[in-house]
Structures are given as C-alpha cells and as structure tokens.
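Per-entry structural report
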Amino acid sequence: MTLFGHVDSSLAAYVEGTLDDATAQRVRAHLPSCERCRALETETRLGHGLAAQLAPAPMPEAAEAAVRQALASATPRGTSSPARLFWRWAAAAASLAAAGLAVVLFRAPKAEAPSPLPHRDVVLREADAAPTRFEASALELHAQHASGTLALELRSDSPDELKAWAARTAGLGVNLASQRPPEDGASFALEGGRELRVEGVRAIAVAYRIDDRPVTLITASASDVGDRPPAWGDAGKSVSFRRTPTGKLLTWTNSGQVYALVSDLPGFGQRACLLCHTQKQRRATIQALGLTP
Amino acid sequence: MMGASLAMARPPSDVATDAQAALLEACARGDREAFASLFEAWKGRVYSLALHLSGEPAEAADVTQEVFLKLLTRVGQFRADARFSTWLHRVTVNTHLDRRRARRRFVALEPGDRAFAAAASQEGALERAETRRVVALAVARLGPKLRVPLVLRYVSDLSYDEIAAVLGVSVGTVGSRLSRALSALGRELGALGERP
C-alpha cells in the first residue's frame, strides 16, 4: 500500500494469488473505489498472463560446446595438470560432437561421468487439450498440499513403507528410491500418502518436498483411466507437460499405471522426477529435458 | 491406517546444504568431476536467465561462458553462509548488466528469430510459440530494474525473498518492481493477452 492508500506495489502478488489474506482483503476493498488502481490491476493481470508463458530455453549444443572450449583454456587456481588435461579433452570431445562426428561423453580419465541418454528417449510435449479429470484431481490435491490442508492417511518419510502401503492399499506401485544419492542431501523429504477416488477410480497420492517446495504425485491403473498419455514403449517415452496457475503438471503412462506430477519447481518441474530416478544418466536426461515439437 | 514417524521437511535456509557445500569444496580443490557436476546442474538455468535478460542467444552464450569462468576461478571464494543459488543468479544478473553497460546499446532479436520458440507442427502450438516469442522480446525491451526481477520470477522461478537476496533489495521493492513490470507488459501487449 502507498501513502495515499493506492495498491500499486501489491498488485503483482495480488494477481499471482500470493498475498497474505489481510493484504489481499485490503486490495479487494480498495479497488472498487479507485479507477486508477482498477486500471493498473487489469494491466497487471494481463501482464501476469503473458509473463506466465515465458519458459526456460535449452542451451544450444553449439553454444555449450563453445563454453566448454573456453573453460578448457582456463583452470582453477592451484589445480593439477590432470584437471587441465581433462578440460581440454572435454573441449575436444565437445568440438567433435558439434561437428557431428562423435557423441559427447563428459568422461574423466578414471571414473566415467554420466552422459544424458539421447533426448529421443524421452519426449516432452506441451498439452493443448483441456486437463483430464485425472489431471484436474492432481492439481486439486496439489493445491491442498501447497496450502497445508492435504490430509495424509500415512505420514512417513520411509520410501519402503510408502511403497508397501501403496501396494497393500490400492495394488499400485510407486517406484520411490530407497537410497538417496549424496548430492540430494536433505533436499528431498517424503511426507506421506493418501488413497483417493477419481470418478470411482482408485488412485494413490504421494506428498513430498524438494528444496522445501511441495510436490504431489498421483497414480492409478492405466486400464481404469481414459484419455491418458500414450504408454511408454519402443516408440519412446512420452510425457505431457502443462503449466497451470496451480503448478507445473507432468503426466505419463508407464508399466500399466498413469502418473500425474505437480510442482512449482523450475523449468518444467522435471526435478520432481528425481525422487524416483537416482541413476546418473537418467538424471542427466531428465534435467536436460526440453519441449519437443 | 497407522502412520510411522512424521515426515519432517527441512525448513527454509539461507545457507548452502551440506551436499552443496561439499561439492563446492571439491571444486575449490580442483576436482574435475565436481565442477562437471556443477556445470551440468546449472548450465541450463544460467543460459535461460541470460537469454531472457538479453534477448539474444549469442549474448546469452557469452554471459553463460563468463559466469562459469568466474565460477571456475572464484569458487574458492564462495562463502559457506550464503546460498549458492542466490550467488549464481546474482553473478549471472550482474554479468549481464555489466556487459550491457559496456555495450551501451540494445540489440533486439530479429523478427524471424526462433530462439524462444520451439518449432511446432500444430496450429495451436505454433500460436503459443509465437506468443511466447513476442512476450520474450517485450520483456527484453524493459528497463533493467523491471526486466531483471520479472525474469527471475517468471523464468528462474525464484521467490520474492530469493529475488530480494539476489538483487540486494527489500521484498517490498521486489513486489513494487514486479507490479510495474507486469503493468508495463500488459499495457504493451494487452491485446495479445486477451486473445482466446
């Protein structure tokens, strides 16, 4: 609020829906009597809708190769010559890849660093149809999760306990990793699960946090859910992406189950997938995901 | 259903996680795998931020290169009491601003540039891609005080608190600048935003 009671500075948070209740109420009370702020609110809301369409852009391979080349010419102070050789090797390999002569392998002399699986392995496409009932349920649950009102039937930070509970309760599999890689640290925190019914279809929701941000995963048997993404197979792994005011939604069908994953994590929210995926190559593929035409 | 131990999420913190701190320490010692991990983990976010700040793919690549060169040579200076993400975003923003001041001119994308829009085969996807490109160009034309927080919020997905930490301003200032940025965007492209 400003000195004269105008609400300019609060409008961005207001249109995003992130203002605290008291301030939001003051804005709502002010707008009907202030033409200036009403006009600003309209413009801000339009701007929010436009800005929400911005998306991370993947780094082109040629640009990445050029950066690696530059890094090869510089070394951290006090590093040994093997480090210099490594960066030169990496730059040379990147140059070959840019010329289409080799696959870029970010390889250390002794231990093998992960290279992403080919991007054609995972196909991320933006959804253009209205959300399905299954997707809408995932978004509703995530909104509850984000607001702290999601009731969990099982509260547990044990992946094995959650997996057993999902199998016992609904006959559904949730491929939670029993052991976290060291780089995850305490960033990943399971919270628990609950059973739900989506138009009579039995489903399981798993609530967890990554970087202290809520993530919600629901899954159901594929044979029970219509209008689902194509099942993974020899043709590739298709994942549907949708950006909504509630969060970023990823849906896919694999091994007889449909999954919907909601978060507000950066990019396409793909970091949320790392809860289940701990293998280095797969993680590299997931984190490098971009939209496929 | 009887529950087990209560899942305790780690509270928000301004300090680097233990795992992140260990990775940075390894980088400072010249560990090649550690720096490779950092580069793989952050290259996309740094590039994307630089692209939306500058509006130019080549400039974004140059900023990315400069940021990681700085990281390579200064990783030992990173203070363990600061969040690495905040530090890296700040370095990226400052690198962009420094380079822009040095160039003293703004070069917009050519109308045909597809840096922000993936090729699409369906009509709906084409229109979305074109809208995204137009919006990105408009954002790149905003003054830095409005452009930077808007990109940090809508591309880098930082919270108001995180943006405030990156820019060294108050949360209130972040809110005010975001409001002005969105309002400016809405004024310039309002008709586009109203399309069905």
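This write-up is about the structure you can find in this document.

The rules behind the values
- Throughout, residues of each chain are indexed from 1 in the direction in which the sequence is written.
- Starting at A for chains and at 1 for ligands, labels are handed out in the order in which the entities are written.
- In keeping with the predicted nature of the model, local features appear solely for residues at pLDDT of at least 70, side-chain atom pairs appear and are counted solely at 80 or more, and the whole-chain, interface and lining totals rest on all residues.
- To obtain the side-chain values, all non-hydrogen atoms of the structure were used and water was disregarded.
- By definition, any uninterrupted DSSP run of H or I lasting at least four residues is a helix, any uninterrupted run of E lasting at least two residues is a strand, and each is numbered from the N terminus.
- Under the scheme applied here, a residue whose accessible area is under 20% of the maximum for its type counts as buried, over 50% as exposed, and between as partly exposed, the area being computed with a 1.4 Å probe on protein chains only.
- A strand pair is defined by DSSP finding two or more bridges across the two strands.
- Salt bridges are defined by distance alone: a side-chain nitrogen of Lys or Arg within 4 Å of a carboxyl oxygen of Asp or Glu.
- Using a grid of 1 Å spacing that covers the protein atoms alone, one calls a set of points a cavity when a 1.4 Å probe fits there but cannot get out, and a pocket when the set is open and has protein on both sides within 12 Å along at least five of seven lines; lining residues are those with an atom within 4 Å of a point.
- Grid points are joined across faces, edges and corners, and a volume is the space filled by probe spheres set on the points.
- Charged residues are taken to be Asp, Glu, Lys and Arg, nonpolar residues to be Ala, Val, Leu, Ile, Met, Phe, Trp, Tyr, Cys and Pro, and polar residues to be all remaining types, Gly included.
- When checking whether two residues touch, look at their non-hydrogen atoms; a contact exists if any pair is within 4.5 Å.
- Interaxial angle, 0 to 180 degrees, is taken between N-to-C directions of lines fitted to C-alpha atoms, where a helix line uses only the stretch in contact.
- Here is the rule for angles: anything less than 35 degrees is roughly parallel, anything more than 145 is roughly antiparallel, 65 through 115 is roughly perpendicular, and the remaining ranges are oblique.
- Two helices cross in a left-handed way if the nearer one is turned anticlockwise from the farther one by less than a right angle. They cross in a right-handed way if the turn is clockwise.

On a plain count of helices and strands, chain A comes out with eight helices and eight strands. Out of the 293 residues belonging to chain A, those deemed buried represent 51%.

Turning our attention to the sheet that holds strand β4 (residues 201-210) of chain A. Residues and elements named next belong to chain A. The strand order across the open sheet built from eight strands is β1-β6-β7-β8-β5-β4-β3-β2, with neighbouring strands paired in mixed fashion. Of all strands in the sheet, those with a lone pairing partner are β1 (122-126) and β2 (154-155), marking the two edges. Sheet topology places strand β5 (residues 213-221) next to strand β8 (residues 257-263); seven bridges connect them, and they run antiparallel. Bridge pairing in β8 links valine 215 to serine 263.

On to the pattern of salt bridges, then. All names here are of chain B. Applying the stated criterion to the full structure yields 25 salt bridges over all chains. The closest approach of N and O atoms between aspartate 62 and arginine 99, which form a salt bridge, is 3.4 Å. Of this pair, aspartate 62 sits in helix α3 (residues 57-74) while arginine 99 sits in helix α4 (residues 84-103), and the two are 37 residues apart along the sequence. We classify aspartate 62 as partly exposed; its relative accessible area is 36%.

Right, let's talk about empty space enclosed by the protein for a bit. Residues and elements named next belong to chain A. In the structure shown here, the tally under the stated rule is three cavities of 30 Å³ or more. Looking at the second largest cavity, its volume works out to about 40 Å³. Around the second largest cavity sit Thr132, Phe134, Glu135, Val225, Gly226, Asp227, Arg228, Pro229, Thr251 and Val258, which together line it. In terms of residue class, the lining of the second largest cavity is made up of four nonpolar, three polar and three charged.

Next up on the list: the environment of valine 258 of chain A. Residue and element names in this part refer to chain A. The residue valine 258 is located in strand β8 in this model. Overall, the relative accessible area of 1% leaves valine 258 in the buried class. Linking valine 258 and arginine 228, residues 30 residues apart in sequence, is a C-alpha distance of 7.0 Å. Residues within four places of valine 258 in sequence aside, it is in contact with Phe134, Ile218, Thr219, Ala220, Ala222, Val225, Arg228, Pro229, Trp252 and Thr253.

All names here are of chain B. Two numbers describe how helix α2 (residues 32-54) lies on α3: the axes approach to 8 Å, and their chain directions differ by 140°. It follows from the interaxial angle that α2 and α3 lie oblique. Handedness of the crossing formed by α2 with α3: right-handed. Contact residues: α2 offers Phe35, Leu38, Phe39, Trp42, Lys43, Val46, Tyr47, Ala50, Leu51 and Ser54, while α3 offers Pro57, Glu59, Ala60, Ala61, Val63, Thr64, Val67, Phe68, Leu71 and Leu72. Considering only residue class, the contact of α2 with α3 consists of 16 nonpolar, two polar and two charged.

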